[in-house]
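Analysis of the macromolecular model
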Amino acid sequence: MVGDPVQDSRATLQASAEGMGDGLRRGLWVTFLDPYGLEVAAGCGADWLGVDLQHGTVEMPELPGLLRVAEAARLPMLARVGSHDSLALGRVLDTGVSGVIIPMVDSADQARALVAACRTPPDGTRSTGACRAALGLSQASEVPLVFLMIETAAGLQRAADILAVPGADGVFFGPYDFSISAGHPGPGSPGTIEALRHVISLARAAGKLAGFMAGQPELLAVAPEADLVAVDTDVSALRLGLARVFEPDT
């Protein structure tokens, strides 16, 4: 292997945010795979992995095993946490993930508190101890990435203020919850796509990273304008793969 995996991990996710589509990184969203399943999937061509601790079946004790697979494959791993709880955030970061994606951020005040919970003093309030990250057993940077999710109408209204919070590395747009919050017919609807593009433009203006969950053709069409895109989930990959295997001969 060449290069420092700790630096490579952060640099891969911190692809330049200058110019549209500069350094797009495509990710696989993991909702149920165990370490063995992730080993099988790790060669799919994804640039990063997102583990969903909010939805799906992955639980916190499974995260270190998944992370070891990601590290062996030299794939950065982000974890979407399930709440704003500072203890839960700290425990996820203790595993050595490359960063966290925090859901339902609606204000700059929330964003400041969440960033503080992800940073050790003097920059924040996060505690440390004999964990995987502190013992040097992980390949993550000492300063994990913090992505704040914009996925409500209120969050969109205050997105510029959220992006202005020091220590926030970027935003991650959630088109599915946003479409419900804003009363749009679906995540691929014109109103949701317009909101997504607006958030990306705000991130560009702030010099920060912009990512989002895709899973639909209309959303994937916007991918070149962002830095990170979760192309689809492991659930969708399994269903599509099995459908292809059992497709009737033509």
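Residues numbered from 1 in each chain as written. Predicted model: local features only at pLDDT ≥ 70, side-chain atom pairs only at ≥ 80, totals over all residues. Heavy atoms only, no water.

1. Examining unusual backbone geometry
- With an omega of 10 degrees, the peptide bond between proline 121 and proline 122 qualifies as cis.
- Inspection of the secondary structure assignment puts proline 122 in the loop between helix H5 (108-118) and strand E5 (145-150).
- In this structure, arginine 74 is a non-glycine residue whose phi angle is positive, near 55 degrees.
- For arginine 74, the location among the structural elements is in the loop between helix H3 (63-72) and strand E3 (77-80).
- Residue arginine 74 is classed as partly exposed on the basis of its relative accessible area, which comes to 32%. (Helix = DSSP H or I, 4+ residues; strand = E, 2+ residues; numbered from the N terminus. Buried < 20%, exposed > 50% of the residue type's maximum accessible area, 1.4 Å probe, protein only.)

2. Things to note about the sheet that holds strand E1 (residues 25-30)
- The 8 strands lie next to each other as E1-E2-E3-E4-E5-E6-E7-E8, forming a closed barrel whose pairing is parallel. Each strand axis lies, on average, 25 degrees off the axis of its neighbour in the sheet, ignoring direction.
- As paired strands, E5 and strand E6 (residues 170-173) are joined by 4 bridges and run parallel to one another. Among the inter-strand pairings, methionine 149 is bridged to a residue of E6, identified as phenylalanine 172. (Pairing = 2+ DSSP bridges. Axes fitted to C-alpha atoms, helices over the stretch in contact; angles between N-to-C directions.)

3. Looking at the packing of helix H4 (residues 86-94) against H5
- Interhelical geometry of H4 versus H5 gives an angle of 45 degrees and a closest axis separation of 9 Å. The pairing of H4 with H5 is recorded here as oblique in orientation. Handedness of the H4/H5 crossing: right-handed. In this structure, H4 uses Ser86, Leu89 and Leu93 to contact H5, whose residues at the interface are Leu114, Ala117 and Cys118.
- Residue classes in the contact of H4 with H5 are distributed as 5 nonpolar, 1 polar and no charged. (Parallel < 35°, antiparallel > 145°, perpendicular 65-115°, else oblique. Left-handed = near helix turned anticlockwise from the far one by under 90°. Contact = heavy atoms within 4.5 Å. Nonpolar A, V, L, I, M, F, W, Y, C, P; charged D, E, K, R; others polar.)

4. Some remarks on a nonpolar patch on the surface
- Taken together, the side chains of Phe32, Val235, Leu238, Leu242, Val245 and Phe246 present a nonpolar region at the surface, about 570 Å² in accessible area.
- One can find leucine 238 in helix H11 (residues 234-245). (Patch = residues over 30% accessible without salt bridge, like charges linked within 9 Å, V, L, I, M, F, W, Y side chains within 5 Å. Areas by Shrake-Rupley, 256 points an atom, 1.4 Å probe, with all protein chains shown as cover. Salt bridge = Lys/Arg side-chain N within 4 Å of Asp/Glu carboxyl O.)

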